[in-house]
Amino acid sequence: MNGLPRGVRRAMLLRSFAVQGSWNYRTLIGTGMAFVLAPALRHLHGADGPRLREATGRHAELFNAHPYLATLAAGAIARLEADGAPPELIGRFKAAVRGSLGSLGDRLVWLVWRPTTALLMVALLLAGLPWWLAVSAFVASYNALHLWLRVWGLRTGLREGLQVARALREAPFERIGERASDVGAFLSGFAAVLAVGSGGRNGWDYFALGLVALVAGVMLGPRVRMVAGIGLTALLIAGVVLASNS
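Residues numbered from 1 in each chain as written. Predicted model: local features only at pLDDT ≥ 70, side-chain atom pairs only at ≥ 80, totals over all residues. Heavy atoms only, no water.

## Describing the nonpolar core
Counting residues in hydrophobic clusters, the biggest one holds 45 residues, and the most contacted among them are Met12, Met33, Leu37, Leu101, Leu149 and Phe173. When contributions to this core are tallied by element, the ones reaching two or more residues are α1 (6–15), α2 (30–45), α3 (50–59), α4 (70–82), α5 (87–126), α6 (131–160), α7 (164–170) and α8 (173–198). With 9 residues, α5 is the single largest residue contributor to this core. Contacts of Phe173, omitting those with residues within four sequence positions, involve Leu69, Leu104, Leu108, Trp148, Leu149, Trp152 and Leu168. Residues Ala123, Val183, Leu187 and Phe190 belong to the second largest nonpolar core, which totals 5 residues. (Core = buried A, V, L, I, M, F, W, Y, C linked by side-chain atoms within 4.5 Å. Buried < 20%, exposed > 50% of the residue type's maximum accessible area, 1.4 Å probe, protein only. Helix = DSSP H or I, 4+ residues; strand = E, 2+ residues; numbered from the N terminus. Contact = heavy atoms within 4.5 Å.)

The following block contains the structure:
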């Protein structure tokens, strides 16, 4: 893809997991980006020499992005280096994308996805699942987005180069965030009712009821979500009352 062998791309992807390993207040993740780009730079400029040292030094300067979306910048920069773009253009590109990649990743991952997957774990625990199954569900669901972002970012950056802004506009990040927010809202109410009402008894009854409403709300739009939420709340309140009277 774009002049970089598969082994180079694989090495860049693996190195991206350590992009924050040398984080500091002077360059932020700049040295980490140079570490991620090193396989591509060695392939393009040789294993040693002044060109490689100059390119590595340029990419070890100040840079910041969300760590999961840093691969998008790394792929685009590698594409520009492979195309022979002047260093000034690459520097302007890095300055232009670092803010948007940081804010986009923070909103999607830290503010929406991570709380939703954590609520899933809590709800499963309250429903009576063994702790290791609940934790496994959290790890699997959280990393499903995490790993997809890294792989998608590198592939898209290598393919699009300077046109990554268009790829970001076309990516389904907003839709993913909206759906995750809907699921998180249902899970928060579901977990609260389980904590107050089930008392450790008949947790699967509450789980099944919450799952029906969750699926209906997520799949069928805002009006159905509202109706499902009202119905779920009413049924769960009734269940709490009946359980407390029994």
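## Considering α1
Among the residues of α1, Val8, Arg9 and Met12 are the ones counted as buried. Along the long axis of α1, the arc covered by the buried residues comes to 100°, so they all point the same way. Exposed residues lying more than 90 degrees from the buried face of α1 are Arg6 and Leu14. Packed against the buried residues of α1 are α2, α4 and α6. (Arc of directions from axis to C-beta.)

## Points about the packing of aromatic side chains
One pass over the full model with this rule turns up 7 aromatic pairs. When the ring of Trp148 is compared with that of Trp152, the centres are 5.8 Å apart and the planes differ by 25°; the resulting orientation is stacked. Here Trp148 and its partner Trp152 are both found in helix α6, 4 residues apart, which amounts to about one turn of the helix. Joined through ring pairs, the aromatic side chains of Tyr68, Trp110, Phe138 and Tyr142 make up one cluster. One cation-aromatic arrangement involves Arg15 over Phe35; the distance from NZ or CZ to the ring centre is 4.2 Å. (Phe/Tyr/Trp six-rings, centres within 6.5 Å; stacked < 30°, edge-to-face > 60°. Lys NZ or Arg CZ within 6 Å of the ring centre and 35° of its normal.)

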